[in-house]
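Remarks on the overall topology
Each chain, letter by letter, is given below.
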Amino acid sequence: MTTPLLEVKDLSVSYGAIVALRGISFKVEAGQVVTLIGANGAGKSTTLNALSGIVKRRSGQIWFDGQDISGMRPDRVSRLGLVQVPEGRQIIAPMTVLENLQMGAYKRRDREVQHDIENIFARFPRLKERRRQKAGSLSGGEQQMLAVGRALMMRPRLLMLDEPSMGLAPLLVNEVFRIIQDIKAHGTTILLVEQNARKALKVADYAYVLERGTISHQGPAAELQNDPQIISAYLG
Amino acid sequence: MQASNPVLKLKSAAITALVMLGLALLAYELPDILDKKVLSPEQHLTTVIWVGSVYSLFALGYALVFSILGVLNLSHSAVFMWGGYIGVMSVIRYDVPIYYTLPLAMLGGGIIGVLVDLIAFAPLRRRNAPRISQLISSLGASAVLVNLAQLEFGTSPERFPRTTLKELPYEATVARPYTIGWLGAEFRITPLQVSIVVIAFALMFLLQYLVARTKTGKAMRVVAFNQKVAGLLSISVGGIFRLTFFLAGALAGAAGVLYALAYPSLTPFTGDEMALKGLTVIVLGGLGSIRGAVLGGLLVAAFEVYATAIGYSWLKDALPFVALFLILLFRPQGLLGEATVKRA
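What comes next is a walk through the structure. What you see is a predicted model, and the numbers here were worked out from it, not measured in a lab.

All names here are of chain A. Pairing within the open sheet is antiparallel, and its four strands lie in the order 2-1-4-5. Each having just a single partner strand, strand 2 (18-28) and strand 5 (67-68) make up the two edges of the open sheet. In the sheet, strand 4 (residues 59-64) pairs with strand 5 via two bridges, with the strands oriented antiparallel. Bridge assignment links Phe 64 to a residue of strand 5, and that residue is Gln 67. Its contacts with the sheet put helix 1 (residues 44-52) on strand 1 (6-15), strand 2 and strand 4, and the angle it makes with strand 2 is roughly 70°.

Right, dumping it as structure tokens:
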């Protein structure tokens with residue numbers, strides 16, 4: 001096996017006296033969809049934020065594409081292609097849809113930015129219709145598409161999605177998971193954090209279960225889907 | 001719903017009483033005010049515009065830092081004073097041609113601004129200190145800058161040497177009349193004052209353009225909106241902060257030179273007088289709003305100039321604060337400010 005695209009070793013994070021992550025280790029192989037499932041407060045978002053450099057780690061190492069990125073600043077991490085779509089979408093409400101997408105290409109100097117914007121509009125026609133509208137005026141589903149589109153503008157090598165289905169109507173949830181499969185089909189590796197374990201396990205190749213800051217289970221998604229313990233705890 | 005709250009009831013009663021008192025005073029004084037002829041009102045208008053443009057330019061630095069970082073930088077007035085000294089002393093000590101003083105002071109002000117960020121703000125940000133600590137830290141930076149100026153330049157007033165000003169074309173300090181044809185109004189304004197207005201508005205326009213149109217300006221707005229998102233979008237948040245402080249410092253430096261050109265009495269304490277005016281300007285116009293700072297600067301100048309014009313010069317410094325008080329009561333976000341910017 002080749003070296004994984006992302007490898008996390010013994011990562012610990014605490015907020016003051018509260019320990020959020022107690023030495024977790026996991027891997028993401030290139031081309032896969034890996035999901036991190038678990039209950040509220042298990043440490044899923046903390047994990048992504050530690051990878052992105054937003055939250056300081058107490059100990060542990062993070063390797064991305066063979067490079068030690070532990071303790072690196074968020075803007076450096078994202079420039080390497082480790083891109084996060086944060087929880088709650090976090091689009092820039094006072095800017096237009098188009099400006100949001102352009103901000104995704106903030107550090108890009110190549111000539112294909114316009115081409116990529118057209119690609120995203122082709123993938124999400126709703127965004128094209130609303131390109132001149134303020135992003136804050138979009139519906140929840142449209143905002144999620146904009147958040148994903150903006151992240152794709154950064155040409156991620158590993159896209160980290162934090163609860164992309166949160167707060168969306170069931171029909172839109174299905175749409176979000178269809179988009180995830182689509183992104184994978186285009187060759188982008190994905191690390192997916194979800195509370196909706198059933199759907200997450202369906203699109204994922206491999207899964208880790210987080211429980212109070214530690215990894216309690218792991219395995220190929222198809223196996224975990226049939227694990228009686230997982231079924232009773234997360235799929236019941 | 002509001003009326004049922006006894007505290008709010010008391011508050012609104014107090015407000016009503018104050019406003020009534022103000023109106024009564026005004027009614028009492030009004031005949032007197034109307035009686036006093038304001039000599040050549042158009043002349044005062046020109047004063048309002050050129051003094052106001054310097055106020056606006058200065059106050060913009062507060063607005064800029066506040067809009068990006070959400071903190072008031074109370075050392076801004078000291079950077080302004082330093083800008084004035086850099087301009088004046090470079091002429092007095094090193095015979096620098098007067099045309100170079102503006103860019104020199106802007107560069108110097110910008111560098112001082114960045115140093116203030118590195119020393120007074122950045123360490124607190126790293127520790128996630130509350131905003132009030134940063135405010136107090138900037139007040140400390142201000143005191144240090146004022147003391148350094150005292151050490152270096154002494155406390156007796158400095159000015160651009162008269163001979164240097166004469167180097168400027170068209171006898172810059174001599175007022176010449178301009179008549180506006182069909183209004184029949186006559187303005188007396190010196191070429192120097194015209195230059196001050198033009199330079200101040202050009203700089204303000206440039207800043208507005210930078211923030212609203214350029215990629216860097218948009219990155220600044222993203223940082224202002226949400227620092228986490230900015231980092232995730234590969235924007236160096238620390239870099240944007242330093243740029244913001246550089247720009248604010250450069251504006252202060254420019255305002256300092258323009259002020260020193262206009263008033264021949266620069267002391268290390270000049271900044272302290274301007275600080276209150278500048279803070280009034282941005283609260284009047286709307287914290288963090290560029291257009292608001294421009295409007296606020298002109299308003300504060302108008303209060304001062306017209307109070308003096310109608311013979312109430314003793315009210316000159318009080319009037320802006322009366323306006324400030326009323327604004328805080330009835331429109332706390334300022335004239336052009338947006339009602340509470342949502343921070344995620």
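Picking up after the structure, the text goes on.
Residue and element names in this part refer to chain A. Reading across the sheet, the six strands line up as 6-7-8-3-9-10 and stay open at both edges, with mixed pairing between neighbours. Of all the strands in the sheet, the pair left with one neighbour each is strand 6 (82-85) and strand 10 (214-220). Each adjacent strand pair in this sheet contributes to an overall mean axis angle of 15°, direction not counted. The pairing of strand 3 (residues 33-38) with strand 8 (residues 189-194) spans five bridges and is classified as parallel. The partner of Ile 37 across the bridge, within strand 8, is Glu 194. Along the sheet face, helix 7 (residues 170-185) touches strand 3, strand 7 (158-162) and strand 8 and points at about 160° away from the line of strand 8.

So, about the interface of chain A and chain B. Chain A puts 17 residues into the contact, and the matching count from chain B is 15 residues. Secondary structure elements with two or more residues in the side of chain A that touches chain B: helix 2 (74-79) and helix 3 (97-104) of chain A. Ranked by the residues each element gives to the side of chain A that touches chain B, the list is headed by helix 2 of chain A, at four residues. Residues that form the side of chain A that touches chain B fall into these classes: eight nonpolar, five polar and four charged.

Cut-offs and rules
- Residues numbered from 1 in each chain as written.
- Chains lettered and ligands numbered in written order.
- Predicted model: local features only at pLDDT ≥ 70, side-chain atom pairs only at ≥ 80, totals over all residues.
- Pairing = 2+ DSSP bridges.
- Helix = DSSP H or I, 4+ residues; strand = E, 2+ residues; numbered from the N terminus.
- Contact = placed C-beta atoms within 7 Å.
- Axes fitted to C-alpha atoms, helices over the stretch in contact; angles between N-to-C directions.
- Nonpolar A, V, L, I, M, F, W, Y, C, P; charged D, E, K, R; others polar.

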